[in-house]
Every structure is written in structure tokens, then in C-alpha cells.
Amino acid sequence: MDDEALLDRCRRGDRDAFTPLVHRYQDELYTMALRLTGNPADAADVVQETFTRAFRSLPRLRGATVRAWLFRVAVNCSHDIHRQRSRRPADPLEDTAGRVLDLPDPGLGPEATAIQRERADAIRVALLALPHDFRVAVVLRDVNQLSYEEMAEALSVPLGTVKSRISRARGLLAAALRESAAIFPRAEEAW
Amino acid sequence: MVSRHVEALFSAAYDGELSPDARGAFDRHLAECPACAAAFAALTTAVDALREQPAARMPHPVRLPEGSPVPERRWFGLPARIPRGRLVAGLSAAGVVAVAGVATALVISGGSLTRGTPQSASSSTASVPTAGAYAGSEGNVAALPNLAAPSVAPAPHSAACSAQSLGVSAASAEQIPDGFNNRDTQDDGTTTVVIATQASGYTPGETVDVYARLIDDGTRAVSLPCTLLIGPEASRSGAAITVPATAAPATPAGALTYEGQPVLEVVVPGAAVAGETYQIVAQVPAAAGQTQGNQVSLTIQVT
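What you see is a predicted model; the values in this text were computed from it and never measured.

Rules behind the numbers
Residues numbered from 1 in each chain as written. Chains lettered and ligands numbered in written order. Predicted model: local features only at pLDDT ≥ 70, side-chain atom pairs only at ≥ 80, totals over all residues. Helix = DSSP H or I, 4+ residues; strand = E, 2+ residues; numbered from the N terminus. Buried ≥ 20, exposed ≤ 12 C-beta atoms within 10 Å, placed from the backbone. Pairing = 2+ DSSP bridges. Contact = placed C-beta atoms within 7 Å. Nonpolar A, V, L, I, M, F, W, Y, C, P; charged D, E, K, R; others polar. Core = buried A, V, L, I, M, F, W, Y, C linked by C-beta atoms within 7 Å. Expected span 1.5 Å × (residues − 1).

A. A look at the overall build of chain B. Counting secondary structure elements, chain B contains eight helices and 16 strands. Burial status across chain B gives 38% buried among its 303 residues.

This is the structure in C-alpha cells:
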């Protein structure tokens, strides 16, 4: 059943119609939130809060696709949660480096796993260094692969703004990663 | 040096968005310009690296609220859940616009009800509950204006909302924290006012952190100004913004800090509409011998 049909059932009060939407989008939204916040616990909170807000207001959604709208809510939740976290000192027991980003691929050997981890770390640091709007732009485009039109809908900005933000964000990302040997191996290391 | 013209095309070229002619010209330029070729290769490598990162999985099940997803209706289709924080409205010209906007938007959101714009201030305000009615449904809804109050004239906020003394140095108060990029500093010769938000665009229902400081130019004492969210499209009388008598102040400092610095918080009304502007107004107390103080405002736009 497609999103619109599920949405229609939600609008008529069918609670069960909401669950397939959660299953359909939770991992996509979690991946987005993880790249935006750099922290697995925050990312899980973002997804939980996104669906809580969506559950309450999805039936009233008009004039946007479910997917773009969920991304919009999730981007706002990421922003809110990031700001809440930055208001208080870091919990010393919390892994603020957010190193547990993704489980390593069990098919890779230890060396390849280490390289994969280094690349993930470099990208996480580079993304977190981007200004918020640019980080959102490059994550929606290059992590979640939203179309320009979906991004315009999700961010409520004109298409031209979407394109210029993506362009600027990619330039900043490339500059931030330029010194990372994990992404740009030196000639002598690339054996 | 990389030509700006070609660099501006990198992202569109990466996405395959250039027309065949433009792509041909782009490739010819890269063939002749090693700097552009290297820069485009670097961008491609960086973006490919991001795209190749494995997708992650939500680590635990999402818990859904109890009940049905259709919001419970109250008063003319008002949903059960009001956006957290406070709704700013009043009975001055600006306030009536805000109230009308809320009522209209919520009637539309009700779905089955006929769309209608309130005919007058009294009809729009009569349908909206007072502060006490909200407080029970969401614990932290505080200081909602009593919209049924018969007062019309703008009034100073000296009683309900006054500046609070802060034990920080003037030098540190003038240092706006990183990330607060929508900012203004004004000095009238007596008091320096610093006010800043992290962004200039916010979505309906979104929380706005406000960094605001009053610095006495003589004593260098620092305080938090009474700060209010006024809108949409706040009315002005000359340079001053008309503050609705019932506008609720931002959350007082104490509970909230940003990197150790106290900040205030206001919430964009959930019924705000993209394109509207709101003003965050910091009130400067009247100096001795004056009846009315100044104000400094910062504009935010609903996106």
C-alpha cells in the first residue's frame, strides 16, 4: 500500500495504518539523524520524536508528500535535540565522540574494517563542522538521496536555494576532507 | 586558480544536471584547466565517500502514542495538543491578527469544518480558551495570555516581565556565542542591548533560543532584558513596535543555558504560516525621569 493510501487510512483514525509508515521510514530517518547529530543516542531520539510528532499531526498533513514531510519534521527534531544537548555540559559517561556509528561489515578483514572506521570518522567530523543548513543539505541529498524537489518541499525553500546550498555544502565538505588520508590517500600510502 | 564560473557548476555536473551543451563546455574546460580538474575530482571523491557510507538501522522499536492518530477536537477544531511553550497574542492590532491567524488555521486543520475567518476581535477571541484551559493538557505550557481580557491599550511590561540581573562580566556578555548568527547590538549611550538568535528562519512550533543582554554603559552591570515574541507582522508606531498588553515573555533564564550562558526561549506559534515575520523584542527599562523605555527588535521569518 502506498504512502497516500496509508495516510488516508490514518486520517480516518486507523492506528494500524501508521505502523507501516514507521517501518518504511525509520531507518532512513535514523541514518539522516545520525549524520546530522553524529551521535547514535541522539539520532534514535530524533526518530522517536519525529514519529511522535508525525502521529499527532500526520492526519492533518496537506499538500506535501509523506516522505518529504517526515524529513522536514526530522530535520526540525534534529535541530531541537542538538540545541538541547549543546545547552548543558556533556555527560562524562556519554560517548560524545559518537564513535559507534555503524556496525562494521563482518565480511571485511580487520585492516579493511579499520580503514572503513577511519573513513566514517573523517566524514562524521567533516559533517559536524559544516554550518547547520549546509549539513542538512548535503545529508538529505547525498545520504538520503532526496531529489531537489523533495528537498525544496522538506525544507520549505525555493529550488534555487536547495541547489545553491547543496553546491556550497559539497564544496565545504570536500575542503574539510582534503587533509584526511582516509579519504584522500597520499600516493606513497596508496599501495 | 579555479575559475569561479566552472567551480559553480561542479555540483550540478556531479548530479548530471548540466545540459549536453553545458556538459561539453564543462568537460572541455576541465581538459584544459588542471586546477579545475583536480578540484572537481576532489569534490567527486569527497561526495562519493559520503554516499558510500553504509545506511544505519534504528536500534530499537519506535513507541507510538496511545490512541488514534486523528487529533481530538476541542473548541472549533482545536487539536488536543498545543505546541509546547507559549502562544503570543493580544488585543492590540498585531494581536488580533495573530489570534485570527490561529483560529483560521485551526479551523482549516479540523478538516470537516467549514473554513471561516473570524469577523471581529470578539468572535475570534471568544473561541479560544484562556490560559488555565491549556495548562492541564501539557505541563509546561505557562503564561499563555488571557485572550478574553478586555484591555486594548498596549501596556508596559514592568510588572509581569522585568529585566533580571546577571552575575557575569560586561565583556563576556558582549561575546555572542558561536552559532547565534542572526544578531544585533545597539547602544543608545546609556544601555547596550545585545540580541541574537541562531537563525533567521524558523518553522511553526519551533523553539527559538534567544541570547539577549542589557549592559549598563555606566556601571557595566549585565542583565537579561524582558524579551517577547510579537507577531506575525508586528504593527509599528514610528520606530517602536506595539507590544500587545497580553504578550507573554520569553522563558526566564535559569533553567536554560547555551554553552554555560543563560539564554531565553520563545516558541513560534504552531499556526504560524511560512513567509510571516515575527519580532523578538528586548525591552529596555525606562531610565530615571522617563516614562517609557526603548526596545530593540530582531526579525525572524517563518519558513
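More follows now that the structure is in view.
B. Inspection of the sheet that holds strand β15 (residues 277–283) of chain B at higher detail. Residue and element names in this part refer to chain B. Within the open sheet, the four strands sit side by side as β6-β16-β15-β9. Their pairing is mixed. Bordering the open sheet on either side are β6 (201–202) and β9 (226–230), each of which pairs with just one other strand. Here β15 pairs with strand β16 (residues 295–302) via seven bridges, running antiparallel. Its bridge partner lying in β16, Y278 is registered against I300.

C. Region of interest: the interface of chain A and chain B. The interface of chain A with chain B comprises 46 residues on the first partner and 39 residues on the second. If you list the elements that add at least two residues to the side of chain A that touches chain B, you get α1 (3–11), α2 (18–37), α3 (40–57), α4 (66–86), α5 (110–129) and α8 (159–177) of chain A. Broken down by element, the residue count for the side of chain A that touches chain B peaks at eight residues, all from α3 of chain A. Class assignment of the residues belonging to the side of chain A that touches chain B gives a composition of 22 nonpolar, 10 polar and 14 charged.

D. Spotlight on the pairing of β9 of chain B. All names here are of chain B. Most of β9 sits inside the fold, with five of its five residues counted as buried. Neither face of β9 is left uncovered, since the one carrying C226, L228 and I230 and the one carrying T227 and L229 both have all their residues buried. Sheet topology note: the β9/β15 ladder contains five bridges and is antiparallel. Bridging across to β15, T227 finds its partner in A282.

E. The arrangement of the environment of A274 of chain B in detail. Structurally, the position occupied by A274 of chain B is in the loop between β14 (264–267) and β15. Owing to 12 C-beta atoms within 10 Å, A274 of chain B belongs among the exposed residues under this scheme. In the structure, A274 of chain B is positioned 71 residues away from T203 of chain B in sequence and 7.5 Å away in space, judged by C-alpha atoms. Sequence-distant contacts of A274 of chain B, defined by excluding residues within four places in its chain, comprise S156 of chain A together with V302 and T303 of chain B.

F. The arrangement of the nonpolar core in detail. In terms of nonpolar packing, the biggest core is built from 64 residues, with A33, V47, A74 and L173 of chain A together with A46 of chain B touching the most fellow members. Counting residues per element, this core draws most heavily on α2 of chain A, which supplies 10 residues. Counting residues in hydrophobic clusters, the runner-up holds 40 residues, among them Y202, Y211, V222 and A271 of chain B.

G. Region of interest: helix α4 (residues 34–51) of chain B. In a regular helix each residue adds 1.5 Å, so 18 residues correspond to 26 Å; α4 of chain B covers 25 Å between its end C-alpha atoms and thus fits that length. Where α4 of chain B is concerned, the buried positions are C36, A39, F40, L43, A46, V47, A49 and L50 of chain B.

H. Spatial organisation of α8 of chain A. The end-to-end C-alpha separation of α8 of chain A is 27 Å, in line with the 27 Å expected for 19 residues at 1.5 Å each. Regarding α8 of chain A, the residues found buried are V162, R165, I166, S167, A169, R170, G171, L173, A174 and L177 of chain A. Against α5, α6 (132–142) and α7 (148–155) of chain A together with α2 (10–14) and α4 of chain B lie the buried residues of α8 of chain A.

I. Quick peek at the pairing of β14 of chain B. All names here are of chain B. Burial along β14 is two-sided: L264 and V266 facing one way and E265 and V267 facing the other are all buried. Looking at chain direction, strand β7 (residues 207–216) and β14 are connected through four bridges and run antiparallel. Among the inter-strand pairings, T207 is bridged to a residue of β14, identified as V267.

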